[in-house]
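Here are the chains, one letter per residue:
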There are 2 protein chains.
Amino acid sequence: MQFVESKFAKHMQPINGSAIREIFKLLAKPGMISFAGGNPSNTALEPEVVSDLAREALEKYGATLLQYGATDGFNPFRESAAQFLRGSQVNCTADDILPTQGGTQAFDVLLKALIDPGDAVLCESPTFLGAIQAMREYNAKLVPMPTDDNGVIVEAAEELIKQHHPKLMYVIPTFQNPTGITLSLERRKALAALASKYGVVIAEDDPYRDLRYSGDPLPSIQSFDEEGWVVYMSSFSKYIAPGLRVGAAAVKNPLLRRKMVIGKQSADTHSPLLNQAIVDAYIRKGLMPAHLARICGDYKKQLSAMLDCFKYFPKGTTHTVPQGGLFVWAGLPGGMDAMKAFEAAVAANVAFVPGTHFYPEGGHENTLRLNFSMCDIPTIEAGMAKLGKVISDM
Amino acid sequence: MQFVESKFAKHMQPINGSAIREIFKLLAKPGMISFAGGNPSNTALEPEVVSDLAREALEKYGATLLQYGATDGFNPFRESAAQFLRGSQVNCTADDILPTQGGTQAFDVLLKALIDPGDAVLCESPTFLGAIQAMREYNAKLVPMPTDDNGVIVEAAEELIKQHHPKLMYVIPTFQNPTGITLSLERRKALAALASKYGVVIAEDDPYRDLRYSGDPLPSIQSFDEEGWVVYMSSFSKYIAPGLRVGAAAVKNPLLRRKMVIGKQSADTHSPLLNQAIVDAYIRKGLMPAHLARICGDYKKQLSAMLDCFKYFPKGTTHTVPQGGLFVWAGLPGGMDAMKAFEAAVAANVAFVPGTHFYPEGGHENTLRLNFSMCDIPTIEAGMAKLGKVISDM
């Protein structure tokens, strides 16, 4: 008998993988300038430092690092992750920390703990593609929340809560992916209050928080939560190295943390101990502040160069002016289609992600996401000039 | 509003975590002799080797190992994993390999790809606790298959297939956890034929395969499969180090592999590259054969010592005589209760896992699982003498 697609679980049948990961295949073309990814700069990565920390950790802990570990996590890492997150205005102790495979797994085990097929989840629109895919795999009903230049519009979110009774709200509060927008202080307080008032868990996905190039840092939504409704999801992917796959969720509610641990037991038993020990040592040795200062200094200049280059784009193009993160979000004027621009751009050796992919409900074909962290300044200038010409020529 | 347990997804509400992980908490007691775990011996782990391989990999690949990687896997690892598995009589090329977080994640993404709530899954009874928990989290209907000293009874399995129309069959063919039993050659062929005849995917979970201390190695079920129905799940946890969390699934069916990759995208984006590179180098440098020979030499003596020590147990105790792996399975005579024995044994500072936990349908209170890899021979003798006395005194 031949395998047929109808064997797949119903919720998995329509899911054909990340549009971005398909776009990545086009990037192998020689000479391609890519504003499509969301990777840190290669110059931000430190293979020699990681090598030294791995050696020191294996000398210090020996076979312990190679044995099975607790699903709850490697305690030295939980301590240093909690210390790091407290410095980022997150309210937590080591006991609240669940190590995860990047921020991705934190959201996956949270969905596993909470979502029955058909349950409503509120999310920003546009939002992170990976999160849209994850929610669909749990057969959640995605309810897009209206946003403006200060993030989620709280009054609209409250109406949607009353209407859809969601178990979960997914928010990227700082330098949002894909828009680069930051949720204001007042709205952070208001969302925490909504969570508590209506009994909605908030997944606060905050992996860009410490990539700030201007303005003042803001407290997390989680810091205003007194009853344990907010799960704060951090990641060391953008700060140290995505390839290590080390994230940390701060989960103050012990019932919810325990259920996430149980979900993680069956997902991967535990996170690799060597990787947790490397990140632990990185934080414990105090390497993070100088490293973040260095990479933020570089990214700030790259962002500034990209923003300057909108002069090459047709009149009427709008774009965000983020205070940090990795992305700028643009809107083309007069009904122009970024999907068509994408084809012409790739032919001219420059790539971005059409914005429509980030909307759970589709549409918004005039939008696009541009990443500035992976190109140096001359490349940003050359790529934006090319892209501006391609779009102007349409 | 306070968080209440009814917020949890329905299938997660009754799941309270691994019984074994609860037993582990008792093992911290000073002087405890534990036959409860399933860990490799600490003497089998090689922190200095891993440290050297990590350094070499980071020198060779540099920032590439710290960037985002493909969900499909790190190609050098896929090549060496395929080479290793071909040596274990698995039919595969690098393109068939999906790197996973131990064998655990391979099964998790396979369940995600296939199982709708209520779908039947056939499994051995008793079987691996972690697999039982994973199947329950996907709300599968577990259908236990009768087994004997040669593993799954094929005729009974065929009847159950006709009756329950399962999408999936979960089998641990070699030195099974918990029984230590090995599926015979004829039955391997027959199960592959059943899969193809009825369109049932077989999850062949084979993490102990190369821990063989006597008898001849057998080809995998997968090697008899001509249509891509068998997913072979291997792991380097028992061969190199569980703490690294590196496994490999060989999935010849491209539709199924693609859907597993999509499930993994949302689960953890990709497996950490450094860990894949360490295992790749371990295999590529040819370290595996001598390492397996050394640890199998040790484990063989430990197994033999444990088998000898059943002389301390009451007359009528039965036990398996495995040709490899990490476990011996015993049955106490005359309606004795291993759960009660467990309490008395822990009080006397010796631990095991009561066998009832391994049965999806419960019962079988007279059975117990004993691990021999984590204790040296004098400790095995002391612990078995104590345990035999506790049981005889009941």
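About the thresholds
- Residues numbered from 1 in each chain as written.
- Chains lettered and ligands numbered in written order.
- Predicted model: local features only at pLDDT ≥ 70, side-chain atom pairs only at ≥ 80, totals over all residues.
- Heavy atoms only, no water.
- Helix = DSSP H or I, 4+ residues; strand = E, 2+ residues; numbered from the N terminus.
- Rg over C-alpha atoms; globule rule 2.2 N^0.38 Å.
- Buried < 20%, exposed > 50% of the residue type's maximum accessible area, 1.4 Å probe, protein only.
- Contact = heavy atoms within 4.5 Å.
- Areas by Shrake-Rupley, 256 points an atom, 1.4 Å probe, with all protein chains shown as cover.
- Lys, Arg positive; Asp, Glu negative; His and termini not counted.
- Charge placed at Lys NZ, Arg CZ, Asp CG, Glu CD.
- Pairing = 2+ DSSP bridges.
- Axes fitted to C-alpha atoms, helices over the stretch in contact; angles between N-to-C directions.
- Least-squares fit on C-alpha atoms with pLDDT ≥ 70 in both.
- Phe/Tyr/Trp six-rings, centres within 6.5 Å; stacked < 30°, edge-to-face > 60°.
- Lys NZ or Arg CZ within 6 Å of the ring centre and 35° of its normal.
- Expected span 1.5 Å × (residues − 1).
- pLDDT = per-residue confidence, 0-100.
- Buried area = accessible area lost by both parts, 1.4 Å probe.
- Salt bridge = Lys/Arg side-chain N within 4 Å of Asp/Glu carboxyl O.
- Polar contact = N/O pair within 3.5 Å; in protein donor to acceptor, adjacent residues only side chain to side chain.
- Nonpolar A, V, L, I, M, F, W, Y, C, P; charged D, E, K, R; others polar.
- Parallel < 35°, antiparallel > 145°, perpendicular 65-115°, else oblique.
- Left-handed = near helix turned anticlockwise from the far one by under 90°.
- Disulfide = S-S within 2.5 Å.
- Arc of directions from axis to C-beta.

Engineer: What should I look at first to understand the overall build of chain A in this one?
Structural biologist: A count of helical and extended segments in chain A gives 12 helices and 15 strands. The globule rule puts the C-alpha radius of gyration for 394 residues at 21 Å, and the 21 Å found for chain A is close to it. Projected onto the principal axes, the alpha-carbon positions of chain A cover approximately 60 × 60 × 50 Å. Within chain A, the fraction of its 394 residues that count as buried is 65%. Sequence separation of at least 24 residues holds for 75% of the intrachain contacts in chain A that already meet a minimum separation of 6. For chain A, the exposed surface amounts to about 13,400 Å²; the carbon and sulfur share of it is 53%. Taking the average location of the 38 positive side-chain charges in chain A and that of its 41 negative ones, the two points are 2 Å from each other.

Engineer: Can you walk me through the sheet that holds strand β15 (residues 367-371) of chain A in this structure?
Structural biologist: Sheet strands pair by backbone hydrogen bonding; their relative direction is either parallel or antiparallel. Residue and element names in this part refer to chain A. If you walk across this open sheet you meet the 4 strands as β11-β12-β15-β14, and the pairing is antiparallel. Only two strands of the sheet have a single neighbouring strand rather than two, namely β11 (318-319) and β14 (353-354). As defined by bridge partners, strand β12 (residues 327-331) adjoins β15 across 5 bridges and the pair is classed as antiparallel. Along β15, the bridge assignment pairs valine 328 with leucine 370. The strands touched by helix α10 (residues 288-308) are β11, β12 and β15; relative to β12, the strand with the most contacts, the crossing angle is about 10 degrees.

Engineer: Quick question: what am I supposed to make of the relation of the copies chain A and chain B here?
Structural biologist: The relation between the two copies of this chain is a rotation about an axis and a shift parallel to it. The two copies are related by a screw motion: chain A maps onto chain B through a turn of 180 degrees and a shift of 0.0 Å along the axis, at an RMSD of 0.0 Å. The transformation relating the two chain copies, once decomposed into turn and shift, fits a two-fold axis. Here 100% of the interface residues in chain A have copies in chain B that are interface residues too; the copies meet face to matching face.

Engineer: Explain the pairing of strand β12 (residues 327-331) of chain B here, please?
Structural biologist: Across a regular strand the side chains alternate sides, sitting on one face of the sheet and then on the other. Residue and element names in this part refer to chain B. Within β12, 5 of the 5 residues are buried, leaving the element largely enclosed by the surrounding structure. Neither face of β12 is open: one carries Phe327, Trp329 and Gly331, the other Val328 and Ala330, and all of them are buried. For strand β11 (residues 318-319) and β12, the ladder comprises 2 bridges, and the chain directions are antiparallel. Among the inter-strand pairings, histidine 319 is bridged to a residue of β12, identified as alanine 330.

Engineer: Help me understand the packing of aromatic side chains, please; the structure alone is not making it clear to me.
Structural biologist: For any pair of aromatic rings, the description rests on two quantities: the centre-to-centre distance and the angle between the ring planes. Taken as a whole and assessed by the stated rule, the structure comprises 28 aromatic pairs over all chains. Note on tyrosine 213 of chain A and phenylalanine 372 of chain A: the rings are 6.4 Å apart at their centroids and 75 degrees apart in plane angle, and the pair reads as edge-to-face. Placement of the pair is tyrosine 213 of chain A in the loop between β8 (201-205) and β9 (230-235) and phenylalanine 372 of chain A in the loop between β15 and α12 (377-393), with a sequence separation of 159 residues. Taken together, the ring pairs connect Phe77, Phe84, Phe236 and Tyr239 of chain A into an aromatic cluster. Sitting over the ring of phenylalanine 8 of chain B, lysine 259 of chain A keeps its end group 5.2 Å from the ring centre.

Engineer: What is the right way to look at α10 of chain A in this model?
Structural biologist: Because the α-helix completes a turn every 3.6 residues, residues three or four places apart line up on one side. Residue and element names in this part refer to chain A. The end-to-end C-alpha separation of α10 is 30 Å, in line with the 30 Å expected for 21 residues at 1.5 Å each. Every buried residue of α10 is accounted for by Met288, His291, Leu292, Ile295, Cys296, Tyr299, Gln302, Leu303, Ala305, Met306 and Leu307. As for α10, its buried residues are in contact with α3 (75-87), α9 (273-284), β11, β12, β15 and α12.

Engineer: How should I be thinking about the confidence of the model for chain A in this particular structure?
Structural biologist: In low-pLDDT segments, the atomic positions of the prediction should not be examined closely. Per-residue pLDDT for chain A has a mean of 96; in total, 99% of the residues score no lower than 70. Both scores are given for the predicted complex: the pTM is 0.97, the ipTM 0.97.

Engineer: Before we go on, may I ask you to explain the pairing of β15 of chain A in this structure?
Structural biologist: Residue and element names in this part refer to chain A. Of all 5 residues making up β15, 5 are buried, and the element is well covered by its neighbours. Of the two faces of β15, both are covered, the one formed by Thr367, Arg369 and Asn371 as well as the one formed by Leu368 and Leu370. Two strands pair when backbone bridges link them, and β14 and β15 are joined in this way by 2 bridges, in the antiparallel orientation. Of the residues in β15, the one forming a bridge with proline 354 is leucine 368.

Engineer: Would you explain the interface of chain A and chain B in this entry?
Structural biologist: Interface extent is often summarised as the accessible area lost during association of the parts. Tallying the contact residues gives 84 residues for chain A and 84 residues for chain B. Sorting the residues of chain A by area buried against chain B places Met1, Leu66 and Tyr68 of chain A first, and these three jointly supply 10% of that buried surface. Our count for the chain A to chain B interface comes out at 6 salt bridges. Across the pair lysine 10 of chain B and aspartate 116 of chain A runs a salt bridge, and its minimum N-O distance is 3.5 Å. In this assembly, chain A and chain B are joined by 57 residue pairs in polar contact (both at pLDDT 80 or more). The greatest single-element share of the side of chain A that touches chain B, amounting to 10 residues, is contributed by helix α8 (residues 254-268) of chain A. Of the residues in the side of chain A that touches chain B, the class split is 34 nonpolar, 31 polar and 19 charged.

Engineer: Any chance you could explain the packing of α10 of chain A against α12 of chain A here in plain terms?
Structural biologist: Between two packed helices, the angle of one axis relative to the other and the distance separating the axes together describe the packing. Residues and elements named next belong to chain A. One way to put it is that α10 packs onto α12 with a least axis distance of 9 Å and a crossing angle of 20 degrees. With respect to α12, the element α10 is oriented roughly parallel. In the crossing of α10 with α12, the sense of the turn from one axis to the other is right-handed. Two secondary-structure elements touch here, α10 through Lys301, Gln302, Ala305 and Met306 and α12 through Ile377, Ile380 and Met384.

Engineer: Just checking my understanding: could you explain the pattern of salt bridges for this structure?
Structural biologist: Once their charged atoms are close, side chains differing in charge can pair, the charge on each being opposite to the other. Residue and element names in this part refer to chain A. Counted by the stated rule, this structure contains 37 salt bridges over all chains. Between aspartate 280 and arginine 284 there is a salt bridge whose closest N-O contact spans 2.7 Å. A residue pair is termed a helical-turn pair when its members lie 3 or 4 positions apart in one helix, as aspartate 280 and arginine 284 do in helix α9 at 4 residues. Its relative accessible area of 3% is what places aspartate 280 among the buried residues. For arginine 284, a relative accessible area of 43% gives the class partly exposed.

Engineer: Please clarify how the packing of helix α2 (residues 47-61) of chain A against helix α2 (residues 47-61) of chain B should be interpreted in this entry.
Structural biologist: Remark: α2 of chain A packs on α2 of chain B, axes separated minimally by 9 Å, with the N-to-C direction vectors making an angle of 180 degrees. When the axes of α2 of chain A and α2 of chain B are compared, the pair comes out roughly antiparallel. Across from Pro47, Val50, Ser51, Arg55 and Leu58 of chain A in α2 of chain A, the residues of α2 of chain B making contact are Pro47, Val50, Ser51, Arg55 and Leu58 of chain B. Along the lines of polarity and charge, the residues of the contact of α2 of chain A with α2 of chain B split into 6 nonpolar, 2 polar and 2 charged.

Engineer: Any chance you could explain the state of the cysteines here in plain terms?
Structural biologist: Disulfide: a covalent bond formed between the sulfur atoms of two cysteine residues. Under the counting rule described, the total for this entry stands at 0 disulfides over all chains. Free cysteine: cysteine 309 of chain A, not disulfide-bonded; nearest cysteine sulfur from cysteine 375 of chain A at 11 Å.

Engineer: I keep staring at helix α11 (residues 338-347) of chain A and nothing clicks. Help me out?
Structural biologist: All names here are of chain A. Within α11, the full set of buried residues consists of Ala338, Ala341, Phe342, Ala345 and Val346. Each buried residue of α11 sits inside an arc of 130 degrees when the element is viewed along its axis, so together they form one side. Exposed residues pointing more than 90 degrees away from the buried face of α11 are listed as Lys340, Glu343 and Ala347. Where α11 begins, one side-chain oxygen reaches toward the backbone nitrogen of methionine 339, 2.8 Å away; that side chain belongs to aspartate 337. Where α11 terminates, the next one or two residues include asparagine 349, which has phi positive at roughly 70 degrees.

Engineer: Would you take a moment to explain the sheet that holds strand β7 (residues 168-171) of chain B for this structure?
Structural biologist: Residues and elements named next belong to chain B. Pairing within the open sheet is mixed, and its 7 strands lie in the order β2-β10-β9-β8-β7-β3-β4. What marks the edges here is a single partner per strand, and that holds for β2 (97-100) and β4 (141-145). Strand-to-strand twist in this sheet, taken as the mean axis angle between neighbours without regard to direction, amounts to 20 degrees. The pairing of strand β3 (residues 120-124) with β7 spans 3 bridges and is classified as parallel.

Engineer: Is there a simple way to think about the side chain of lysine 167 of chain B in this case?
Structural biologist: Tracing the backbone through its elements, the reader meets lysine 167 of chain B in the loop between α6 (154-164) and β7. For lysine 167 of chain B, a relative accessible area of 14% gives the class buried. Only 3.3 Å separates the side chain of lysine 167 of chain B from the backbone oxygen of lysine 7 of chain A, close enough to count as a polar contact. Within the structure, the side chain of lysine 167 of chain B is placed 3.4 Å from the side chain of aspartate 116 of chain B, a separation counted as a polar contact. Once residues lying within four places of it in the same chain are set aside, the contact partners of lysine 167 of chain B are Lys7, Phe8 and Ala9 of chain A together with Leu114, Ile115, Asp116, Asp119, Ala120, Val200 and Val201 of chain B.

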